Structure formats: structure tokens, C-alpha cells
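# Overview (structure and organization)
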Number of protein chains: 2
Amino acid sequence: MAISSFHPPVRTLMGPGPSDVHPRILDALGRPTLGHLDPLFIGMMDETKTLLKYAFQTSNELTLPISAPGSAGMEACFVNLVEPGDKVLVCVNGVFGTRMIENVTRCGATAIRLDFPWGTAVDPVAVEAALKEHDDIKVLAFVHAETSTGALSDAQALCGLAKKYQVLSIVDAVTSMGGVPLLVDEWQADAVYSGSQKCLSCTPGLSPVTFSDAAVAVIKARKHPVQSWFLDMNLILGYWGEGGKRAYHHTAPVNALYGLHESLVMLQEEGLENAWQRHAAMHTALAAGLESLGIQFVVPAGQRLPQLNTIYIPEGIDDAKTRQYLLANYDLEIGAGLGVLAGKVWRIGLMGYSARMENIILLLNALAAAMSEQGYSSDAASAIAAAEAAVD
Amino acid sequence: MAISSFHPPVRTLMGPGPSDVHPRILDALGRPTLGHLDPLFIGMMDETKTLLKYAFQTSNELTLPISAPGSAGMEACFVNLVEPGDKVLVCVNGVFGTRMIENVTRCGATAIRLDFPWGTAVDPVAVEAALKEHDDIKVLAFVHAETSTGALSDAQALCGLAKKYQVLSIVDAVTSMGGVPLLVDEWQADAVYSGSQKCLSCTPGLSPVTFSDAAVAVIKARKHPVQSWFLDMNLILGYWGEGGKRAYHHTAPVNALYGLHESLVMLQEEGLENAWQRHAAMHTALAAGLESLGIQFVVPAGQRLPQLNTIYIPEGIDDAKTRQYLLANYDLEIGAGLGVLAGKVWRIGLMGYSARMENIILLLNALAAAMSEQGYSSDAASAIAAAEAAVD
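Residues numbered from 1 in each chain as written. Chains lettered and ligands numbered in written order. Predicted model: local features only at pLDDT ≥ 70, side-chain atom pairs only at ≥ 80, totals over all residues. Heavy atoms only, no water.

### Here's the deal with the pairing of strand E8 (residues 168-172) of chain B
Residues and elements named next belong to chain B. A large share of E8 lies buried, amounting to five of its five residues. Every second residue of E8 is oriented toward a common face, with Leu168, Ile170 and Asp172 on one face and Ser169 and Val171 on the other, all of them buried. Relative to E8, strand E5 (residues 139-143) runs parallel, the two sharing five bridges. When the bridges of E8 are listed, Leu140 appears paired with Ser169. With three bridges connecting them, E8 and strand E9 (residues 191-193) associate as parallel partners. Bridged to Ile170 within E9 is Ala191. (Buried < 20%, exposed > 50% of the residue type's maximum accessible area, 1.4 Å probe, protein only. Helix = DSSP H or I, 4+ residues; strand = E, 2+ residues; numbered from the N terminus. Pairing = 2+ DSSP bridges.)

### Things to note about the packing of aromatic side chains
What characterises a pair of aromatic rings is the spacing of the ring centres plus the angle enclosed by the ring planes. The tally for this structure, following the rule as stated, stands at six aromatic pairs over all chains. For the pair Tyr258(A) and Phe6(B), a centre-to-centre distance of 5.6 Å together with 55 degrees between the ring planes defines the contact as tilted. Here Tyr258(A), found in helix H10 (residues 254-270), pairs with Phe6(B), found in the segment before strand E1 (12-14), and the two come from separate chains. Each of the two residues, Tyr258(A) as well as Phe6(B), counts as buried. Ring centres of Tyr325(A) and Tyr330(A) lie 6.3 Å apart, and the angle between their planes is 50 degrees; on these two criteria the pair is classed as tilted. Residue classification places Tyr325(A) among the buried residues on the basis of a relative accessible area of 19%. Taking the ring centre of Phe297(B) as reference, the NZ or CZ of Arg304(B) above it sits at 4.2 Å. (Phe/Tyr/Trp six-rings, centres within 6.5 Å; stacked < 30°, edge-to-face > 60°. Lys NZ or Arg CZ within 6 Å of the ring centre and 35° of its normal.)

### Describing the pattern of salt bridges
Summed over the entire model, instances satisfying the criterion amount to 38 salt bridges over all chains. In this structure, Asp115(A) engages Arg113(A) in a salt bridge whose closest nitrogen and oxygen atoms are separated by 2.7 Å. Residue Glu358(B) pairs with Arg356(B) through a salt bridge whose shortest N-O separation is 3.9 Å. Exposure remark for Arg356(B): the relative accessible area of 21% places this residue in the partly exposed category. (Salt bridge = Lys/Arg side-chain N within 4 Å of Asp/Glu carboxyl O.)

### Some points on the relation of the copies chain B and chain A
In screw terms, the move from chain B to chain A is a rotation of 180 degrees and a rise of 0.0 Å along the axis, fitting with an RMSD of 0.0 Å. Interpreted geometrically, this transformation is the action of a two-fold axis. Considering only C-alpha atoms, the residue of chain B closest to the rotation axis is Ala68(B), which sits at 2.5 Å. The overlap is high: 100% of the interface residues of chain B also sit at the interface in chain A, so the same surface is used on both sides. (Least-squares fit on C-alpha atoms with pLDDT ≥ 70 in both. Contact = heavy atoms within 4.5 Å.)

### Some points on the sheet that holds strand E11 (residues 308-312) of chain A
All names here are of chain A. The four strands lie next to each other as E1-E12-E13-E11, forming an open sheet whose pairing is mixed. At either margin of the open sheet sits one strand with a lone partner, and together these are strand E1 (12-14) and E11. Across this sheet, the average inter-strand angle for adjacent strands is 30 degrees, counted without regard to direction. By the bridge criterion, five bridges tie E11 to strand E13 (residues 345-349) in an arrangement that is antiparallel. Of the residues in E13, the one forming a bridge with Ile311 is Trp346. Running at roughly 85 degrees to E1, helix H13 (residues 357-373) makes contact with E1, strand E12 (332-336) and E13 of the sheet. (Axes fitted to C-alpha atoms, helices over the stretch in contact; angles between N-to-C directions.)

### Comments concerning the domain arrangement of chain A
Residues and elements named next belong to chain A. The domain architecture assigned to chain A consists of domain 1 (22-268) and domain 2 (272-390). Of note, the centres of domain 1 and domain 2, computed from C-alpha atoms alone, are 29 Å apart. At the interface, 30 residues of domain 1 touch 24 residues of domain 2. Between domain 1 and domain 2, a total of about 2,100 Å² is buried, with carbon and sulfur atoms accounting for 67% of that surface. Interface area lost by domain 1 to domain 2 is led by Trp118, Gly150 and Cys199, which between them contribute 20%. Counting the contacts that link domain 1 with domain 2 gives zero salt bridges. Here domain 1 is connected to domain 2 by nine residue pairs in polar contact (both at pLDDT 80 or more). Those elements giving two or more residues to the side of domain 1 that touches domain 2 turn out to be helix H2 (39-56), strand E6 (145-146) and strand E7 (151-152). By residue class, the composition of the side of domain 1 that touches domain 2 is 15 nonpolar, 13 polar and two charged. (Domains from an automatic or database assignment. Buried area = accessible area lost by both parts, 1.4 Å probe. Polar contact = N/O pair within 3.5 Å; in protein donor to acceptor, adjacent residues only side chain to side chain. Nonpolar A, V, L, I, M, F, W, Y, C, P; charged D, E, K, R; others polar.)

### Observations concerning the interface of chain B and chain A
Across the boundary between the two partners, chain B contributes 70 residues, which contact 70 residues of chain A. Of the roughly 6,000 Å² buried between chain B and chain A, counting both surfaces, carbon and sulfur atoms make up 64%. A per-residue breakdown of the area chain B buries against chain A is headed by Phe6(B), Arg106(B) and Trp229(B), which together make up 14% of the total. Between chain B and chain A we count four salt bridges in total. Here chain B and chain A share 23 residue pairs in polar contact (both at pLDDT 80 or more) between them. If you list the elements that add at least two residues to the side of chain B that touches chain A, you get helix H1 (23-29), helix H2 (39-56), helix H3 (70-81), helix H4 (95-106) and helix H10 (254-270) of chain B. Element by element, the count of residues in the side of chain B that touches chain A is highest for H10(B), at seven residues. Residues of the side of chain B that touches chain A, tallied by class, amount to 35 nonpolar, 23 polar and twelve charged.

### Some thoughts on the nonpolar core
Within the largest apolar cluster, 202 residues are counted, with the highest numbers of intra-cluster contacts made by Val127(A) and Val127(B). Among residues more than four places away in sequence, those in contact with Val127(A) are Leu89(A), Cys91(A), Leu114(A), Phe116(A), Val122(A), Leu140(A), Leu158(A) and Leu161(A). (Core = buried A, V, L, I, M, F, W, Y, C linked by side-chain atoms within 4.5 Å.)

### Overview of helix H11 (residues 272-292) of chain A
Spanning 21 residues, H11(A) covers 31 Å between terminal C-alpha atoms, matching the ideal 30 Å at 1.5 Å per step. Positive phi shows up at Gly294(A), right after H11(A), with a value of about 80 degrees. (Expected span 1.5 Å × (residues − 1).)

### With respect to the environment of Leu257(B)
All names here are of chain B. Looking at where Leu257 falls in the secondary structure, it is placed in helix H10. A relative accessible area of 1% means that Leu257 is categorised as buried. Linking Leu257 and Glu128, residues 129 residues apart in sequence, is a C-alpha distance of 39 Å.

Pasting the structure below:
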């Protein structure tokens with residue numbers, strides 16, 4: 001049954017994540033492994049915290065990467081802030097809102113569910129009405145950038161409502177960090193989690209989190225121990241604590257953290273504002289090109305995520321066949337629909353290193369070819385020209 | 001505050017893990033990232049399952065790597081098998097036994113704690129007496145290879161007792177896999193977790209687990225949902241399930257899994273029995289060299305882990321100063337003592353790629369130099385000769 005070494009081809013990743021990983025980051029992954037208590041590694045951990053504070057735009061002391069993917073970052077926020085019997089107002093406008101409900105109920109708490117049509121932003125007016133209606137809510141939870149639909153919600157307004165009604169906020173920023181403004185301190189968000197494999201263009205597997213002082217106070221005053229030992233922030237803080245002695249908690253994923261560090265150094269070099277601007281410009285170009293191909297967006301203008309473009313599959317075009325065609329002929333990955341949007345939409349990511357004109361040209365050309373293949377008349381050259389003109 | 005790219009030095013890792021990572025594995029980490037639903041990546045996931053079955057010596061269908069470090073693997077075993085109100089017999093002969101107790105209580109269950117002196121194996125006679133005394137125990141939990149003390153327990157006897165008294169077994173095999181025999185099917189173990197960064201010589205961050213059919217039946221018949229969404233095996237199974245459709249659960253740590261795959265391919269190439277034999281031989285060599293330096297082992301002969309050697313710090317020798325000297329002058333890492341053994345012992349790992357004669361020679365030479373530096377007469381040449389003679 002001899003199995004041999006795995007040598008993947010080079011793909012262009014324009015799905016919902018992972019995004020294209022920059023060669024500098026791939027290179028960092030293979031650097032020599034240090035012990036996780038080596039002073040040099042601890043110095044790198046401190047730098048990573050500093051860089052994450054910049055990426056989150058926060059001075060929160062409790063800012064660090066959880067040693068597991070974004071869904072563990074989500075769980076870390078819920079299990080630390082929510083206790084049995086608590087009430088959590090959860091805004092649901094896609095898959096990740098429903099996952100938040102799962103997290104709340106597994107904490108022995110009650111989720112008050114507020115639904116919004118998939119593909120639209122969370123409506124602050126409805127949220128305020130719910131906060132007024134229930135006076136015993138502890139936490140307001142919502143997704144800033146819904147990866148399943150491509151909708152961007154107004155996190156500033158929602159965090160403001162949380163403050164106004166004196167509830168904590170939990171913000172899913174998995175897809176927003178580095179792609180659109182995320183201002184944790186200015187917005188007074190309490191617990192925010194992200195992922196390494198979206199607009200940071202790092203490999204998947206790590207989840208940056210940040211907790212406000214108010215959130216830390218709530219964690220320290222808990223009546224019940226945190227149900228997860230692995231995700232207990234009291235213990236993780238002892239491991240990642242500033243300077244001084246490290247209390248052994250778990251063995252950090254050393255080489256994966258080299259990759260995250262490098263991706264954050266690159267974000268610092270580019271500058272957050274420039275990164276946001278680049279994502280916005282590439283979205284404008286992509287949208288012009290797709291429109292030229294006669295393709296419609298799911299999310300209304302003004303609520304769209306530049307880094308995740310959800311588009312309707314044109315009538316008569318086969319979903320799976322098209323995605324397979326792109327992969328087989330162009331080594332190009334785009335994302336399928338999730339949940340109620342499965343089979344109806346594609347999700348085109350322009351995240352991090354994927355947000356480049358080269359990728360947009362490749363995609364428009366490949367998509368036009370796939371559509372022609374299925375008898376749909378489409379003009380790649382015009383689409384590419386439209387994309388280029390949009391950012392001239 | 002510009003922070004630049006991180007370039008770690010090359011260290012020789014002879015602590016309790018991470019161990020030296022083989023260049024082939026470092027190389028695999030930086031290969032092009034695939035989407036986590038890419039058919040080629042899914043094929044690699046299937047191969048990884050097959051290779052892990054070999055490493056665990058099991059045909060258990062539910063055998064896969066958890067996307068987080070060994071402590072999450074431990075938690076996965078407990079939160080899936082243990083429900084509120086259950087009783088778990090936990091054997092404690094080091095740090096990781098006490099961590100198991102934390103896991104049990106956070107599940108709302110009761111831990112019956114059975115203590116053994118640190119640095120000795122778990123005594124099956126005492127375990128059988130406890131199983132006889134309590135007729136309502138659901139799970140027997142123990143550490144096969146205690147990384148904090150270097151003691152090897154008789155997992156075959158303990159799993160046999162679990163079967164005899166009709167309780168499930170949870171086995172911590174973090175440090176044992178690949179270094180000493182671990183025969184999951186033959187021993188009828190029910191839930192076993194390991195780590196990537198010990199005798200597999202992969203980078204830290206992944207935790208292979210395996211569950212017997214009996215364990216799977218218990219998970220499926222649970223009265224309460226698993227308290228962790230991220231570690232719920234019902235959901236993870238849908239993602240890692242054989243062939244067919246993958247249900248999206250989380251985004252797999254793609255590049256870290258390339259590394260694990262490569263490390264398992266290398267284990268398959270060497271052969272498990274050869275790997276066990278190599279660890280045993282290198283332990284014999286190291287022990288002979290250390291004895292020549294007048295250094296005493298903590299664990300009685302016959303209960304020692306070949307891959308983790310716990311030795312008393314010689315009288316008059318400074319713990320921290322010596323470890324710093326080794327790191328500064330030889331780029332060599334050895335481990336400090338943990339818990340009650342802190343400050344009294346060193347832990348010398350011979351795990352995976354670290355279990356080589358070159359490493360032993362480096363260590364004996366460096367340790368002798370550190371001791372001479374502190375006024376302790378020691379003869380490196382004789383120690384090295386003794387080590388070499390022991391495996392001639």
C-alpha cells in the first residue's frame with residue numbers, strides 16, 4: 001500500500017478561503033523549528049501580538065492567535081464569555097450566524113435568534129428593537145463579513161448598540177480583517193475573532209482573537225469554569241502573557257506561527273489603509289468584468305464585501321461542471337454556494353494576495369471559456385477591458 | 001515600530017518536544033496551498049487516514065488528525081465520550097494525568113483520582129482494585145508515555161482491565177506513537193490521541209486520534225450534545241468521512257497536514273518496528289553515556305521511555321544556567337522539569353529524527369562542557385565512547 005510524498009499543483013485560489021498564499025509566507029513555514037519555550041520563539045510571539053494589535057486596530061492586551069482554525073476562535077469567544085443560563089442575541093444572515101447559535105446552546109445558554117435574508121447585511125434597526133424588547137441579554141453576536149453570502153454588516157453601528165444597551169459584543173471578523181476597515185478600539189468591540197487564511201493570505205489553521213478589558217473582566221468574574229480547557233483564555237493568557245515567565249499550556253504550532261508572523265509583517269509593510277484600498281479597487285475591477293459577462297451579484301450594492309463576491313450562476317450553466325472545468329483547465333478554484341445558496345451561486349474571493357489584477361484577468365478569461373463551452377455566448381476580451389478600465 | 005521577517009537559527013531539539021523536524025517535512029510545509037475541498041487535497045486526507053491507521057496499528061474507521069495540538073486531541077476524547085454525571089477513573093503519575101482530571105470536571109463529570117509516584121509507571125494492580133471498588137465507572141483514562149516524567153505504563157494491561165470491567169479506555173499516546181509499541185487494535189483501546197511533534201518529528205499543531213467502534217457507538221448514543229462544536233466527532237467525521245461528499249466543518253490546516261503526511265510516509269518507509277528499535281538503541285547509547293558522566297535516571301529501569309530520558313540534575317549544577325549554556329554555545333535545547341520535578345531534573349528527548357547518534361554525541365559533549373564550566377569534573381570523550389560501545 002506504499003503511499004508516497006504529496007506534491008500538489010499550483011492552483012490560483014479565488015474561493016472563500018484559503019486564498020493564495022504569498023511565496024514569502026510559504027517560505028517562512030519551512031524555517032527551522034524552535035522549541036516553543038525558546039527565548040527567540042517567545043520574542044516572535046511578542047512581535048506577533050504587536051502586529052495583531054495593529055491588524056485589529058486595538059491596544060487590547062489580550063490579543064493573540066488561537067492555535068486552531070477560525071471555528072475554534074469563534075468557540076473561544078463564546079465559551080469564555082457565555083455561561084449556562086445566559087441569553088445571547090444572535091444575528092443570522094448566513095451560515096456563520098447559525099454556527100454561533102450552535103455555540104451558544106452548547107454553552108448551556110439561550111440564543112435569541114434574529115434572522116435577516118441571506119445576502120443582505122444585518123439591520124441595526126431590528127437589532128435595536130430586539131435589545132429593547134429583551135432586557136436580560138448578556139451578549140450581542142454577529143458576523144461582520146459573512147463568508148457564505150458576501151454581505152458586509154455595519155459593525156460600528158452594531159457595536160455601538162451593544163454599548164448603548166450595556167451588552168457585550170462578539171464579532172466574527174474572519175473574512176473582514178485586512179480586507180475592509182476593522183477598528184476594534186474605535187468601535188468598542190468586546191470579543192473579535194478572525195482567521196489566518198482569508199485577507200492575511202496566510203495558510204489556514206490559526207485564529208487571531210482580541211478581548212476588550214470589559215470582556216476580560218467578565219471572563220475573570222465567571223461563576224463556572226470555562227468548559228473548554230484548551231480554549232480557556234485564563235490559561236492561554238498565562239502562556240502568551242507579556243514578557244516574564246511563560247506558563248506551559250499547550251505546544252504552540254511553531255512553524256504555522258512563522259507563517260502568520262510573516263503575513264502580518266507584510267500587512268504592516270503595505271499598510272492597513274492601502275490593503276483596504278487594494279481590495280476595494282480589485283472588487284471594482286472584478287465587478288465591471290462580471291457585469292460585462294452579464295453576471296449578477298447576489299448582495300445589493302453598498303452591502304457587498306470587496307473580498308468575497310457572491311454571484312448568481314447564469315441560467316443554463318452547470319454549477320459543478322463549471323467549477324471542475326476551471327480547476328482542470330486553469331488550475332483555478334472558485335467557491336460553491338453554501339446552505340440555502342448551494343447550487344445557485346458562486347463565491348469569488350479576492351482576498352489578500354488573491355486580490356490582484358492578474359487573478360481577475362485569469363478568472364474572467366476562464367469563466368468566459370467555461371460559459372462558451374456550455375453554449376453561452378461570452379466575450380472575455382471585453383470583460384477584461386472593462387475590468388482594466390474600471391481601475392484606470 | 002517596524003517588525004521584520006523572523007529568521008530562526010538552527011537548533012538541535014532534545015527536549016520533550018517539538019523534536020528535530022526532518023528537512024523533508026520542513027520542505028513539505030511550504031508546498032503550494034490547495035483549497036481544503038480540492039479533490040487532490042481530499043485524496044491526501046484519505047492517504048493521511050490510511051497512514052495514521054498504520055501508525056496506530058488499527059483498522060478503526062474513525063482515525064484522523066484533529067486540527068489543533070495534542071491538548072485539543074485530549075479534549076476531543078473526553079468531551080465526546082464523557083457526559084455530565086459520568087464517573088471517570090483517572091490515573092495520575094505526572095502532569096498530563098492532572099490535565100485529564102481538568103478535562104473530566106469541565107465535562108460536568110466526576111473524576112476518581114488514582115495517584116502514583118511521579119517517575120513511576122501506573123500500577124495495574126491498583127487500577128484493578130479501583131475498578132472493583134467502584135462499579136459505576138464509565139471510562140478509565142491514563143497516560144501511556146508520561147512526557148513530564150519519562151515513565152512508560154503498561155497500556156496493554158490497562159486496556160485489558162478496561163475490557164474486563166467493561167469500561168471504556170482513553171489513552172494518552174502523545175509521546176508514545178512511533179517511539180514504542182502502540183497496538184490499538186490488539187490492546188483493544190477505545191480512544192487514543194497523539195501529537196505530531198514527538199516521535200513523528202513533524203511540526204507541532206496536529207493531534208492524531210482514533211476511536212474504536214465501541215467508542216463511536218457511545219458517541220452516537222449520547223444524551224447531551226458534545227459541549228465543543230469544534231471537537232464534536234459527529235461533525236468532524238462528516239468532514240473527514242471516507243470518499244463521497246465532504247460536509248464543510250472547518251477549514252483544515254492544509255500546509256500543516258502536508259507536513260504530517262510526509263512524516264507518516266517516512267514512518268512507513270522506515271517501518272514501525274524499525275523505528276521502535278532505533279529509539280530503543282539510541283536510549284541505550286544515551287544511558288551509557290550519561291552513566292559515564294555520573295548522571296542518574298529518575299525512572300526505574302524497565303519503566304523508562306527510550307524517547308524521553310528524565311535525569312537528576314547533578315548536585316551543585318545550576319539548572320537554568322546549564323540549559324542557557326547549551327542553547328547559547330551549542331544551539332542545543334533540553335527540557336526543564338515540570339510540576340513537582342521542576343528544578344530537580346532535566347528531560348532529554350530522543351524523539352523521531354532527534355533519535356540519532358549525532359545528537360547523542362553533541363549532547364554528551366555539550367553537557368560535559370557545561371558541567372566542567374561549573375567546576376564539575378567530567379570526561380566527554382569517555383562518555384561518548386561508552387555511548388558508542390553500547391550500540392556496537
